[in-house]
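Close look at the chain arrangement
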Amino acid sequence: MYAIQRMAIVDADPDRRRPVNVGQGVDMTASELREALAHSDARNRLLFAGSPVAMIVFDSENLRVVEINAACTGILGYSAEQWLGQPLGFGVEVRQGEALRSLAREQGAHPDSAVHTGRLRWQHNDGHWLESEGTVRRFGAPGCRAQILLLQDASARRRNEEHLRLLAKEHRQQIELTEHYDALTGLPDRAQFSERIRQGFAQANQTGCSIAVCYLDIDAFGALNASHGREVGDHLLINIAECLRACLRGGDTLARIGSDEFALLVVGIKKEGEIAQFLRDLKERLSEPFVSDTLTLSLSASIGVTIYPHDDADPDTLLRHADQAMMLAKQAGPGRHRRYDPENDRRVRAQRENVEVMRTALARREFILYYQPKVDLKRRQVVGAEALIRWQHPERGVLPPGAFLPAIENSQLIVDLGYWVIDEALTQMDRWRAGGLSLAVSVNIAARQLLDPDFVSRLRELLAAHPGTGAGQLEIEILESSKLENFSKVEQIIVACRELGIGFSLDDFGTGYSSLTYLRRLSADTLKIDQSFVSQMLDDSGDKAIVSGVIGLAGAFQRKVIAEGVETIAHAQSLMALGCVLAQGYGIARPMPPAAMPGWVAAWPDAAWMAVGE
Ligand code: C2E
Ligand code: CA
Ligand code: CA
């Protein structure tokens, strides 16, 4: 603590060597000072004293200095005794002193504001001039008559910036960052933090230890700021900084890198579990309530962590990775921490690249549709065909959907590609029709596409562009029925599509847990028995029972039923005996390019298929 004095003021004489405010000391009552500082708790005072930022606390009523910190005496060269009791503006160029006092009065009238002073010229005790920028804000709890002026040494910063620019040009890696501190908390800023990480690398490489970069974001800080005011927010941040600092071990670094965002560098990690324990301790410390005389606040933080050399990236990237992990932690709820996973990140990036490659392939028209016939075994007629997508890859040849669709399943591309499939199928139907073949076609639609808000209107547009397609000629096979949760929405879509003359079938029926619910809730026209049951039905009585059960259900619910995966005539005969006459499968025909279809339709059935069902 500094000696408590009041200084008598002698206004500066402009002709004197130093045209600044100076004075002599007189005692100030202890109660006045106590009032001014009552709301600054011990931790705050500690921060105040130790901060590298010059701070001047003054009495709002008479605008006189009641306390300054060591940084202030250091930077301006006047002793504490010289400072205390001086009017605000002591040390500042005379004309600016008056301006500063009126700024302070203005801020005092709007205590929740923070007023920028602009550039101030200060004269050091030894006579040389310095420039600074400052901020005036309330100090202590509402109602307290103290304000604070926080100073940044602008001339040093400018020199430093200039110096940095030069250094950066010549020796990119060896930048010395000496004065990059956050004005509020006095903590290192982002640039200095990066430099500390760089130093951490050297140490980690030498000792074989790991280092952790943590990104910490206070939960709901914006709301706290809004409800308690900015000054409480600032105080809280100072306290949080102090609390976090207390958790550090020697060699660790704490930085403030955003309004309520802090970064921690933890060095010398020897064991896997060490960092998790560190974070648990940190969160526990942070959860202890922050108490002032008017408020008690409980806090939590979301933390993302990445560990070098497991994550072998440059300092800025490490910080970005920790930030990404923090976002994931925050999504999971307040007070969580999450470790960045380079493997997962690589996967996500590869996935993103895949999507881009396929988007290009779509633009280059590399996708094509094959068609697999569907037949009526009893009437010996071709009743339609299923469109099945293929990728005519420039290097790898024709790829089946299993080789590329999974990579875009969760992206918008599956929807865009789906519209291309519908358009292409309708165009193909026009071409066949022009050649004398009228064939119904079914397309496979992913759940995500069915639930696209534009689905029905897009479908209407596509149909309008192909007026030759009659009602009942286009059918939709709903895939991944397990992803359909909102039955009433899906049912609405089915009903709207039916008005457009489009039929629906439930693909892979019997494989999902809730097939029976679909059947009851969705008015699809057709059930498509999954090929896994069909292909085994001749050898496995269980599968045969399922096939028979689905056929029975279809009858009871008055739906059509089709079997897929019909690989032999024996399968077809068995299905017919159970009452299923619609079939599709390799035994009838493999999926084929569209040009092959008219010839195939003309030739079917051959003698062997003619004999089925006789
Ligand atoms: P799916 O809708 O169940 O289509 C039937 C799949 O079974 C097709 O494979 C077909 O070639 C194959 N298949 C047909 N008959 C037989 C048979 O007798 N035995 C065997 N073992 N397999 C048979 P493909 O063409 O590889 O398609 C696989 C899946 O890819 C489709 O399963 C469908 O889920 C999806 N798919 C195909 N085209 C599209 C499309 O345009 N859009 C979307 N979203 N998915 C599609
Ligand atoms: Ca299908
Ligand atoms: Ca299927």
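Residue numbering note: each chain is counted from 1, following its sequence as written. Chains and ligands are labelled sequentially in the order written, the chains with letters from A and the ligands with numbers from 1. Local features in a predicted model are, by the rule used here, given only for residues with pLDDT of at least 70; side-chain atom pairs are given and counted only at 80 or more, and totals for whole chains, interfaces and linings are based on all residues. Think of the side-chain values as coming from all heavy atoms in the structure, minus any hydrogens and water.

Thoughts on the coordination of the calcium ion (ligand 2)
Short version of the rule: Each metal site is built from N, O and S donor atoms within 2.8 Å (3.2 Å for Na, K and Ca), and since water is not included, such sites may look incomplete.
For the calcium ion (ligand 2), the protein coordination sphere consists of E386 (OE), N444 (OD1), E477 (OE) and D507 (OD), at 2.2 to 2.3 Å. In primary-sequence terms, the residues that donate to the calcium ion (ligand 2) follow E-x57-N-x32-E-x29-D.

Considering the site of ligand 1
Put simply, the test is: Working definition: residue near molecule or strand if any one of its non-hydrogen atoms lies within 4 Å of it. Two N or O atoms form a polar contact when they lie within 3.5 Å of each other; inside protein one atom must be a possible hydrogen donor and the other a possible acceptor, and for residues adjacent in sequence the pair counts only when both atoms belong to side chains. The Shrake-Rupley method, run with a 1.4 Å probe sphere, supplies the accessible areas, and residue values consider only the shown protein chains as cover. In DSSP terms, a helix is any run of H or I states spanning at least four residues, a strand is any run of E spanning at least two, and both are numbered starting from the N terminus.
Around ligand 1, a shell composed of 20 residues is seen, among which R390, D507, Q531, E567 and Y586 lie nearest. The side chain of D507 places a nitrogen or oxygen atom 2.9 Å from an oxygen atom of ligand 1. Surface burial for ligand 1 is 82%, taken as the share of its 800 Å² of free accessible area covered by protein chains. Per element, the largest residue contribution to the shell around ligand 1 is four residues, and it comes from strand β16 (residues 381-393).

Things to note about the pattern of salt bridges
What counts is decided by this rule: The term salt bridge refers to a side-chain nitrogen of Lys or Arg lying within 4 Å of a carboxyl oxygen of Asp or Glu. Per-residue accessibility, obtained with a 1.4 Å probe over protein chains only, is compared with the maximum for each type, and a residue is labelled buried under 20%, exposed over 50%, and partly exposed between these values.
Per the counting criterion, the structure on display carries 25 salt bridges. Among the salt bridges present, the one from R145 reaches D59, with a minimum N-O distance of 2.3 Å. Of this pair, R145 sits in the loop between β6 (129-139) and β7 (146-153) while D59 sits in strand β3 (residues 54-59), and the two are 86 residues apart along the sequence. What makes D59 buried here is its relative accessible area of 1%. Between E475 and K374 there is a salt bridge; the shortest N-O distance is 3.7 Å. Taken together, the residues span a long stretch of sequence, with E475 in strand β19 (residues 474-478) and K374 in strand β15 (residues 367-376) at a distance of 101 residues. Since its relative accessible area comes to 17%, E475 is described here as buried. On the accessibility criterion, K374 (8% relative accessible area) is buried.

Considering helix α7 (residues 190-207)
Condition: One fewer than the residue count of a helix, multiplied by 1.5 Å, yields its expected span. Contacts: residue pairs with any heavy atoms within 4.5 Å of one another.
An ideal rise of 1.5 Å per residue puts 26 Å on 18 residues; α7 measures up with 25 Å between its terminal C-alpha atoms. If you check which residues of α7 are buried, you get Q192, F193, S194, E195, I197, G200, F201 and A204. The inward-facing, buried residues of α7 abut β8 (210-218), β9 (253-256), β10 (261-269), β13 (301-308) and α11 (315-331). Two or three places before A191, at the opening of α7, D189 has a side-chain oxygen 3.2 Å from that residue's backbone nitrogen. Phi turns positive, to about 80°, at G208, one or two residues after α7.

Concerning the coordination of the calcium ion (ligand 3)
Donor atoms from the polypeptide that coordinate the calcium ion (ligand 3) comprise D507 (OD), D508 (OD), E564 (OE) and E564 (OE), at 2.1 to 2.6 Å from the metal. Donor residues for the calcium ion (ligand 3) sit on one chain with the sequence pattern D-D-x55-E. Here the calcium ion (ligand 3) and the calcium ion (ligand 2) are spaced 4.3 Å apart, with D507 acting as a shared donor. One end of the pair, D508, is in strand β20 (residues 503-509); the other, E564, is in the loop between β22 (560-563) and α20 (569-578), with 56 residues separating them in the sequence.

Looking at the packing of aromatic side chains
Heads up, the condition is: Two rings belonging to Phe, Tyr or Trp (six-membered ring only in the last case) form a pair when the distance between their centres is within 6.5 Å. Interplanar angles under 30 degrees mark stacking, angles over 60 mark edge-to-face geometry, and anything in between is tilted.
Under the counting rule described, the total for this entry stands at 13 aromatic pairs. Judged by centre distance (6.1 Å) and plane angle (85°), the rings of Y78 and W83 are edge-to-face. The exposure class assigned to Y78 is buried, which follows from its relative accessible area of 1%. With a relative accessible area of 1%, W83 lands in the buried category. Between the aromatic rings of F367 and W391, the centroid separation amounts to 5.5 Å while the plane-to-plane angle is 40°, which identifies the pairing as tilted. With F367 in strand β15 and W391 in strand β16, the pair connects residues that are 24 residues apart, well separated along the chain. With relative accessibility at 4%, the residue F367 sits in the buried group. Here W391 falls in the buried class, since its relative accessible area comes to 6%.

Examining the pairing of β9
Put simply, the test is: At least two DSSP bridges between two strands are needed for those strands to be called paired.
Residues T253 and A255 point to one face of β9 and L254 and R256 to the other, with burial holding for every one of them. As paired strands, β9 and β10 are joined by four bridges and run antiparallel to one another. Counterpart to A255 in the pairing with β10 is A263.

Digging into the nonpolar core
Defined as follows: Throughout, nonpolar core names a set of buried Ala, Val, Leu, Ile, Met, Phe, Trp, Tyr and Cys residues whose side chains join them through atoms within 4.5 Å.
By size, the foremost hydrophobic cluster in this structure holds 85 residues, and its most contacted members are F367, I422, F455 and M597. For this core, the element with the most residues is helix α13 (residues 413-434), which contributes twelve residues. With sequence-adjacent residues up to four places away left out, M597 is seen in contact with Y371, Q372, P373, A385, W432, L437, L439 and M592. In this structure, L187, A241, F278 and I303 belong to the second largest nonpolar core, which totals 36 residues.

Notes on the sheet that holds β9
To keep things clear, this is the line we draw: Here, axes are lines fitted to C-alpha atoms. For helices the fit covers the stretch in contact, and angles between N-to-C directions go from 0 to 180 degrees.
Strand order in the open sheet formed by five strands is β9-β10-β8-β13-β14, with mixed pairing between adjacent strands. Of all the strands in the sheet, the pair left with one neighbour each is β9 and β14 (337-339). Strand-to-strand twist in this sheet, taken as the mean axis angle between neighbours without regard to direction, amounts to 20°. One ladder, built from three bridges, connects β13 with β14; its direction is parallel. Each residue of the ladder has a partner; that of G304, found in β14, is R338.

Structural notes on the confidence of the model for the chain
Note the following rule: Each residue carries a pLDDT score, the predictor's confidence in it, ranging from 0 to 100.
Confidence in the prediction for the chain averages 85 pLDDT; 85% of positions are at 70 or higher. Scored below 50 in pLDDT, residues 1-32 shows 89 contacts in the model against residues more than four places distant or in partner chains. Segment residues 170-179 is flagged for pLDDT under 50; beyond a separation of four residues in sequence, or across chains, it makes 18 contacts in the model.

Things to note about the side chain of H466
Relative to the helices and strands, H466 resides in the loop between α15 (455-464) and β19. Look past the residues within four positions of H466 in its chain and what remains in contact with it is D423, L426, T427 and D430.

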